[in-house]
Structures are given as C-alpha cells and as structure tokens.
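Take a look at the letters that make up each chain.
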Amino acid sequence: MMFMAGERNPASCYLDERTFRLCCQLFLQHSETIQDGWSWEQIKGTDEGFMKKTVLMPVKPSFLHKQHECSMQDENMVTDDVQANVEDETAGVQAVCEIHAVLRYEYHVLYSCSYQIPVLYFRASTLDGRPLSLEEVWSNVHPNYRQRLQQGPWDTLTQQEHPLLGQPFFMLHPCRTEEFMKPALDLAQAENKRMNYIVTWLSVVGPVVRLDVPLSYSSSAVISLSVSDSTDPEDVQRTC
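Residues numbered from 1 in each chain as written. Predicted model: local features only at pLDDT ≥ 70, side-chain atom pairs only at ≥ 80, totals over all residues. Heavy atoms only, no water.

- Identification of the chain as Ubiquitin-like-conjugating enzyme ATG10 from Cyprinus carpio is taken from an unreviewed UniProt entry.

Structure, rendered in structure tokens:
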C-alpha cells in the first residue's frame, strides 16, 4: 500500500485488489529495469493473474535425499581398467553430483480475497523434476529464520492447492502478516513516507524461503504512485 503524505486515516495492513495490482505494476517495472526475472502471469480467459519468478538455487549434494543416483553414476564411471585413476574418477563423480545439486524454486505472489493481503506460493524441485517434500522444503528454510519458526513450522509453511492453477504448491500462511506489516505501515505514516506494500511485505517473507529482494526496489521510482486507497480491517472477515 502506498500512503500520501498527510493522510490521517489509521494505517491498515489490508489492501484492496486494485492497490495490489498497482503495487505489482511498479514492482514489475523495476524488475524489468534491473532484469530481476519477475513477470505477470495472466490466467487465460479470466482477469485473474499473479507475479511469478523462477530461481535456480545451488545446494549441498547432501541436502538431497536421492543420493543413490550419484552412487549409480560412481559405479558406471569407475571401471575395472581404470582402478589406477580412481581418485580422478571420484573427483569427476563429485563434480557430477555438484552439478545436480541445484533446486528449482518457482515463486508466485497472489492476491487473497479472503485475507485481503498478498500471499506467497511456491514450489520446489530438483533439476530432474522430482518435487521436494514438505520436510525438504522446511530444511531449506534460511537458518536465520528456522529457529524462530520452530514453534509452529507446519502452520507457517504448508502445502496447499494453488487457487488459480489447481496444482499443489507450498504456501507461507498469511495469518501473521499483520504482526510485521502493521508496525511498518504505522512508521511510514508517522514519518509521512510513501511505501510500496509489495516491496515491504516481500522483503520480509521472501528471505524465509530463500527469495531475496534487492535493495533497489526501495527506490522512489517503485513507491512514487499516488495511491491512498486502504481497506478498513473491520470490513474484513478474517478466517485465520
């Protein structure tokens, strides 16, 4: 949400869909400028859509459960007539395993009509297409955040059906959005500063699941749109 200097209405952590799309528009314009890989995906035949970004993420080979694939490569590559070069072969196998120790994360930012806030959906897989389990995704949560979420990790990070695609995705549950957005919005209003809701929100929730937001998104070009629309939280039926 973007506030006009001098607004007197109490800051709300909720936003309407029009404001969501305007914030996304500015976000996407800056993404194109810095080639950050975000795009808008429109659902064919509808007016629904979402922001999308795909990231290839290197991880330690030990992270992946299917280590037997590397063992099979080892057996095929090390033969009886090259036993003298076993050290070189082992190094080659390790290199192969390192190449395959890459995860593909696909992030989607959607607007939730129920919560009237953005929600981050994502899915993750190995390069050969094997989807990661919830346990694997949880183990890949950034260590700086993992300890804070240990009290209720399965409530914070859950597997849900994508509301627009109907496919299984992981989701960061939006119920705690107010906890970190309300102080940020109150501060911006108190200092008569504008802010892009999507930038602030994604800068907080993104790093939890290894999605970084460059600092340049905080530039004036991304928050310059004059939008004062807000949603009264009393008009929202919370379902969490």
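**Some words on the overall build of the chain**
At step 1: Within the chain one finds 9 helices and 6 strands.
At step 2: Residue burial in the chain is summarised as follows: out of 240 residues, 42% are buried.
At step 3: Taking the contacts inside the chain whose residues are at least 6 apart along the sequence as the reference set, 66% of them involve residues at least 24 apart.
At step 4: Summed over its atoms, the accessible surface of the chain is roughly 13300 Å², and 49% of this surface lies on carbon and sulfur atoms. (Helix = DSSP H or I, 4+ residues; strand = E, 2+ residues; numbered from the N terminus. Buried < 20%, exposed > 50% of the residue type's maximum accessible area, 1.4 Å probe, protein only. Contact = heavy atoms within 4.5 Å. Areas by Shrake-Rupley, 256 points an atom, 1.4 Å probe, with all protein chains shown as cover.)

**A closer look at the sheet that holds strand β3 (residues 102-112)**
At step 1: Read across the open sheet, the 6 strands follow the order β1-β2-β3-β4-β6-β5; overall the sheet is antiparallel. Of all the strands in the sheet, just β1 (39-42) and β5 (157-161) have a single pairing partner and so form its edges. When the angles between neighbouring strand axes are averaged without regard to direction, this sheet yields 35°. (Pairing = 2+ DSSP bridges. Axes fitted to C-alpha atoms, helices over the stretch in contact; angles between N-to-C directions.)

**Points about unusual backbone geometry**
At step 1: With a phi close to 55°, Q35 is a non-glycine residue in the positive phi region.
At step 2: You can see Q35 is positioned in the loop between α1 (17-34) and β1.
At step 3: Take Q35: its relative accessible area is 73%, and that puts it in the exposed class.
At step 4: Although it is not a glycine, Q116 sits at a positive phi angle of roughly 55°.

**Some points on the pattern of salt bridges**
At step 1: Taken as a whole, this structure holds 7 salt bridges when the rule is applied.
At step 2: Measuring nitrogen to oxygen at the nearest pair gives 3.2 Å for the salt bridge that ties K182 to D186. In this pair, K182 and D186 are both assigned in helix α7 (residues 177-190), 4 residues apart and thus about one turn of the helix distant.
At step 3: By sharing partners, the salt bridges in this structure join R104, E106 and R123 into a single network. (Salt bridge = Lys/Arg side-chain N within 4 Å of Asp/Glu carboxyl O.)

**Some details on the pairing of strand β6 (residues 168-172)**
At step 1: Along β6, 4 of the 5 residues are buried, which leaves the element largely enclosed by surrounding structure.
At step 2: Both strand β4 (residues 117-126) and β6 contribute to a ladder of 2 bridges, which runs antiparallel. Across the sheet, residue F122 finds its bridge partner in β6, namely F170.
At step 3: Relative to β6, β5 is paired through 5 bridges, and the arrangement is antiparallel. Each residue of the ladder has a partner; that of T158, found in β6, is M171.
At step 4: As consecutive antiparallel partners, β5 and β6 are separated by 6 residues, and within that stretch G166 has a phi angle of approximately 70°, a positive value.

**Things to note about helix α8 (residues 197-205)**
At step 1: Among all positions in α8, only Y197, I198, V199, W201, L202 and V205 are buried.
At step 2: Two to three positions downstream of the cap, the backbone nitrogen of I198 sits 2.9 Å from a side-chain oxygen, assigning the N-cap of α8 to N196. (Polar contact = N/O pair within 3.5 Å; in protein donor to acceptor, adjacent residues only side chain to side chain.)

**Observations concerning the packing of α7 against α8**
At step 1: Relative orientation of the contacting elements α7 and α8 amounts to 130°, with a least axis distance of 11 Å. Looking at the two axes, α7 sits oblique to α8. Crossing of α7 over α8 shows right-handed handedness. Only Y197, T200, W201, V204 and V205 of α8 make contact with α7, whose side of the interface consists of T177, F180, M181, A184 and L185. (Parallel < 35°, antiparallel > 145°, perpendicular 65-115°, else oblique. Left-handed = near helix turned anticlockwise from the far one by under 90°.)

**Side note on the packing of aromatic side chains**
Two numbers describe a pair of aromatic rings. These are the distance of the centres and the angle of the planes.
At step 1: Within this structure, the stated rule accounts for 7 aromatic pairs.
At step 2: With centroids separated by 4.2 Å and ring planes inclined at 15°, the aromatic side chains of F27 and Y217 adopt a geometry described as stacked. Placement of F27 in helix α1 and of Y217 in the loop between α8 and α9 (220-223) is noted, with a sequence separation of 190 residues between them.
At step 3: By relative accessible area, which is 0% here, Y217 ends up buried.
At step 4: Members of the aromatic cluster, connected to one another through ring pairs, are Y105, Y107, F122 and F170. (Phe/Tyr/Trp six-rings, centres within 6.5 Å; stacked < 30°, edge-to-face > 60°.)

**Some thoughts on the confidence of the model for the chain**
At step 1: Confidence in the prediction of the chain, expressed as mean pLDDT, is 77, and 67% of residues score 70 or more.
At step 2: Of all helices and strands in the chain, the one with the weakest mean pLDDT is helix α2 (residues 68-77) (44), whereas β1 scores best (98). (pLDDT = per-residue confidence, 0-100.)

**A look at the nonpolar core**
At step 1: In this structure, W38, L120, L157 and L202 are the most contacted members of the largest nonpolar core, which totals 48 residues.
At step 2: Secondary-structure elements contributing two or more residues to this core are α1, β2 (49-58), β3, β4, α4 (134-139), β6, α7 and α8.
At step 3: Every residue in contact with W38, bar those within four places of it in the chain, is listed here: F27, L28, S31, M51, K52, K53, Y107, V109, L202, L211 and Y217.
At step 4: Core analysis: the next-biggest nonpolar cluster, separate from the first, contains 7 residues, F50, Y121, F169 and M171 among them. (Core = buried A, V, L, I, M, F, W, Y, C linked by side-chain atoms within 4.5 Å.)

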